[in-house]
Amino acid sequence: MATPAKKFINNPNDVVTEFIEGLVETYPGLQYLDGLPEVKVVLRADVSAADYDKVAVISGGGSGHEPAQAGYVGEGMLTAAICGDVFASPPVDSILAGIRAVTGPMGCLLVVTNYTGDRLNFGLAAELAKTEGFKVETVIVGDDCALPPPRGIAGRRGLAGTILVHKVAGAAAAAGLSLEEVAAEAKHASEMVGTMGVALTVCSLPGQATSDRLGPEKMELGLGVHGEPGAAVVDIQPVDVVVSHVLQQILSPETNYVPITRGNSVVLMVNGLGGTPLMELMIAAGKAVPKLQLEFGLAVDRVYTGSFMSSLDMAGFSISIMKADQSILERLDAPAKAPSWPVGTDGNRPPSKIPVPLPPFQQNKNEEAAIEAAATVVISLKDSLNEWDGKVGDGDCGSTMCRGATAILEDMRNYYPLNDAAETVNEIGSSIRRVMGGTSGIIYSLLCKAAYAELKANVQSEVTSKNWSDALKSSISAVSKYCGARAGYRTMLDALIPASRVLEEKLSIGEDPVSAFVLSGEAATAGAESTIQMQAQAGRSSYVSAEILASIPDPGAMAAAAWYSAAARAMKEQSQWLGIVIR
C-alpha cells in the first residue's frame, strides 16, 4: 500500500478549517463566518452588509490553491472568499452565506473560475440570492491556453489570470462604480488574459500518496491546477526553452485566445504552483520579459512574480499574459490591502540596473558624450518633427521622440552603466519603453533589444567598432522582421540602412572608426532626406497622397538621422579633445 505524502498537518479532513483559522490570526483585517467546518467563508473585517456602500466582489472555489482565493480578501480586492474542501467547489449554502454577509444595496459581483462545479454552485447561489432581493452579477474566468479549442461545453479552465481579474474588479468597486460597471470591467479583463502552466511533478493531496505519473526526466505541459493531465508529457528542457514554448502557445495567432498583437502593452504574471523555489520563478520571469519585448514586439508594463494560485506542492509554474491599456494599469496599480497581493510592483519603473561606481577616469566619456548629443538634437527638433508629422502622420512624432530623449538624459546621469556598452544600450531601451508610446516606442525598444543581444553575445571584453556595426545591422534586421519595413518604404530604416552600409564598408577597408562613423552619419542624413522622393509603404504615411509626400521628408527617418549623425560628431569631437584612439 502506498504511503501518504509527508505533510505538516493534523487530520487531513481538517486542513481547510485550520488554514482559515491560521489566516485570520495572521492578518487582523480578515474574519471568518462562525460556521466552520461546513461554512468556510473569509471576509473583510471592516465590511458589514448593513452599511456597505460599495459593490462587494466575491470569489472562491476549491482549497489547495493558496493564497487563492482567501489571500486576496482585503480593501481594493475581494470582499469575501468562499472556500471549498481541497479541490472541491464550495457548497451553495456557503456561497449564499458569504453573499448575505457582505452585500449591501450596491450588490455583489461573483468572480468564478471556469470549472463545472464552481459554475453550478455559484450560479445556483446567485439565483437564490436574487430571490432574496440581492443584486448579483457573475463573471466567469477561463484563461487557459494550453489545450486547443474547442473544448465542448466545458470551455477553458480558470487559472492564475483570475487573480488579475480580482484586482481589476476590486479596484473598480473601491472606486465606487456601479455593479454593472464593475462587472463590465471584470469581464473585459477576463477576455484580455491568457495562461499556461508547466510542471515537473504533480501535487500530493493531504492524506494521499503522491502520483508517479511523471517520470524523473519528464515534465508536463499545460496540466491543470488540480493535477489533471495537460497537453503533453515531454523531456525536461532548460527554462529558456520552456518559457519560449509557453509564450508562443499563449500568444498563438492560430488559437487567438487573447487579442494581443505586436505593439501592444502587456502585464506578465509568473505564478508558482506551490513547490517551485522563488529563485526559479525569478529566472523564468527574467527570461520571459526580453522574449516578449524582442520576439513578440510587446511592451511589458508590469511584472508580478510569486505564488498567486498554487496547486498544493506541485513543482511548476504558470505564465499569464494580459493585454494592458491605461485603464487596466490604473486598476492594477490602485491601492489594495489584500495580504497576498504583491507590494512594490506598481507604477513605471526606472532602469533595472545602475552602474558599479568607478573612479572618474574609468567612466566612458565617449559614450556619454554621444548619448547626450543624440538626445539633445532630438529635443531641439521637436517642433520641426511635429510639423512634418502633422502633414504626413498624426502630428506627434516630435513630442514622442522628445519624451524618449528627455528620459534618456535624465536616466543616463543616474542609472546607466556607462562602463558596460551592452547594458547601457539595454537601459536606453528601458528608458524609451517607459515613456514613449505608440509604434515609435516599440520600434526603438526593438532596436535597443536587438543591439543589446548582439553585443552581449559577441563581445568578449572591449567593444570594437565592428561590434557596433554588427549591432546596428542586428537592430535593422529586427525592425525589418517585425515591422515589415524595407529600404525605400519611407521609414526610419531609410536613414539607418545607408548608415549601416557605409559604416560596414569603411571599416572593412581599414578606415579610422571615428571617420567611418561620421561618414555613416552623413549617409544617414542623405538617406533621410531622400525619403521626400519615396511613396510610403508603411505607417500612417501610406494613407497620404503622393502629392503631399513629395514635399515632406519622413519625420521618423529625419529623427533617426539626426541622433545618429549627432552621436557621430560628438564621438569625433571627444576623440580629438582626449586624443583617444578607438578600435
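If you look the protein chain up in an unreviewed UniProt entry, it shows as 3,4-dihydroxy-2-butanone kinase from Brassica cretica. Of the comments in the UniProt record for the protein chain, the one headed Sequence similarities (unreviewed entry) reads "Belongs to the dihydroxyacetone kinase (DAK) family."

**Concerning the environment of Gln-31**
Along the chain, Gln-31 turns up in strand β1 (residues 30-32). For the pair formed by Gln-31 and Leu-332, sequence separation is 301 residues and the distance between their alpha carbons is 25 Å. Those residues in contact with Gln-31, other than ones at most four positions away along the chain, are Val-24, Val-41, Val-42, Leu-43, Arg-44 and Ala-45.

**Observations regarding empty space enclosed by the protein**
Across all of its chains, the model carries 2 cavities of 30 Å³ or more by this definition. Leu-159, Ala-160, Thr-195, Met-196, Gly-197, Leu-223, Gly-224, Val-225, Asn-271, Leu-273, Met-314 and Ser-318 together form the lining of the largest cavity. Examining the composition of the lining of the largest cavity, we find that 3 residues originate from one element, strand β7 (residues 193-199), more than from any other. Among the residues making up the lining of the largest cavity, the classes are represented as 7 nonpolar, 5 polar and no charged. Taken as a whole, the second largest cavity encloses approximately 30 Å³ of empty space. Across the lining of the second largest cavity, the residue classes break down as 4 nonpolar, 3 polar and 1 charged.

**Digging into the UniProt feature "binding site: substrate" (unreviewed entry) in the protein chain**
Following the UniProt record, the feature "binding site: substrate" (unreviewed entry) maps to Gly-62, Ser-63, Gly-64, His-65 and Asp-118 here. For Gly-62, the position within the fold is in strand β3 (residues 56-63). Using a relative accessible area of 16% as the deciding quantity, one classes Gly-62 as buried. Looking at the element boundaries, Ser-63 is found in strand β3. Setting aside chain neighbours within four positions, we find Ser-63 in contact with Val-16, Cys-83, Gly-84, Asp-85, Val-86 and Phe-87.

So, how was this worked out
Residues numbered from 1 in each chain as written. Predicted model: local features only at pLDDT ≥ 70, side-chain atom pairs only at ≥ 80, totals over all residues. Heavy atoms only, no water. UniProt positions renumbered as here; feature names shortened; annotations may be inferred. Helix = DSSP H or I, 4+ residues; strand = E, 2+ residues; numbered from the N terminus. Contact = heavy atoms within 4.5 Å. 1 Å grid on protein atoms, 1.4 Å probe; cavity = no way out; pocket = protein on both sides within 12 Å on 5 of 7 lines; lining within 4 Å. Points joined across faces, edges and corners; volume = space filled by probe spheres on them. Nonpolar A, V, L, I, M, F, W, Y, C, P; charged D, E, K, R; others polar. Buried < 20%, exposed > 50% of the residue type's maximum accessible area, 1.4 Å probe, protein only.

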